[in-house]
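Survey of secondary and tertiary structure
If you want the building blocks of each chain, they are given just below.
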Amino acid sequence: VVMDIHSPGERRIGHADGVAACEAATFDDPEQGSVGVGTGCSLGKEAGRAWGSKGGQGWATATSGDVIVSAIMAVNAFGSVYAGGEILAGSRAPTDYPRYPASPPDQLLGLDGEPIGGTGWGASDGDDGPTANTVIGAVITNAVLTKSTAHRVADLAHTGIARTVRPAHTNFDGDAMFAIGTGEVEAGTDLVNELAAEAVSAAILNGVRHARGTERFPADPRAAG
């Protein structure tokens, strides 16, 4: 399901958007980049949000024989996104600029270009707060999953986040993964786990490659190269 939101601007998603998403449901492949949940995504904030770049929504599929695992991800990471060991999209700060976690958060810049207070990110910091970041998504497989194996797949799908986001799973991220099995194919859990990590990693890369920048968070030209 993709919400019919094509504006690259950032805004809060509301009830009407949820209704529109249900009404616009289709069997077509989801759009990627700054649409749907990707509308307000950003990343690369480990040197401060003033240096961040635009995130987005991405999806990908990994297969092995008859086993299919797809992932759809919202890339709103605190850290930057890497591909092949090189940064693909994220912080635009100079290479010698302080970065978390090597440097404390009170050395980083907020959206107004001023250092965040010595108490770090607090509830009064609004968009600079710790709840402003998350890499969240779902993996969907045609494999048979029990309640316990679905929990395992969702847990190990985070491996795909760790492969692409640095720093990953910080105290300033609210990362979460969900797993759904349609029960069509018998498959070992370890195979589904590995395919899930592969799909999640590729989906994150696709999300930032299709992102469209805003004045607040420009698209990283490295992702378009």
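Read on for a plain summary of the structure. (Residues numbered from 1 in each chain as written. Predicted model: local features only at pLDDT ≥ 70, side-chain atom pairs only at ≥ 80, totals over all residues. Heavy atoms only, no water.)

Considering the sheet that holds strand β9 (residues 176-185)
- Taken in spatial order, the four strands make up an open sheet running β3-β4-β7-β9, and their pairing is mixed. Across the chains shown, the open sheet's two edge strands, defined by having one partner strand only, are β3 (56-64) and β9. Averaged over all pairs of adjacent strands, the angle between strand axes in this sheet comes to 15°, irrespective of strand direction.
- Note: strand β4 (residues 67-76) against strand β7 (residues 134-143), eight bridges, orientation antiparallel. (Pairing = 2+ DSSP bridges. Helix = DSSP H or I, 4+ residues; strand = E, 2+ residues; numbered from the N terminus. Axes fitted to C-alpha atoms, helices over the stretch in contact; angles between N-to-C directions.)

Overview of the sheet that holds strand β5 (residues 80-83)
- With antiparallel pairing, three strands are arranged side by side in an open sheet as β6-β5-β8. With one partner strand each, in any of the chains shown, β6 (86-89) and β8 (165-166) form the two edges of the open sheet.
- In the sheet, β5 pairs with β8 via two bridges, with the strands oriented antiparallel. Within β8, the position partnered with Ser80 by the bridge is Arg166.
- Each of β5, β6 and β8 touches helix α4 (residues 189-209); the most contacted strand, β5, lies at about 115° to it. (Contact = heavy atoms within 4.5 Å.)

Things to note about the environment of Pro94
- Assignment of secondary structure puts Pro94 in the loop between β6 and β7.
- As for Pro94 and Trp51, which are separated by 43 residues in sequence, their C-alpha atoms are 9.2 Å apart.
- If we ignore the near neighbours within four places in the chain, the residues touching Pro94 are Trp51 and Arg99.

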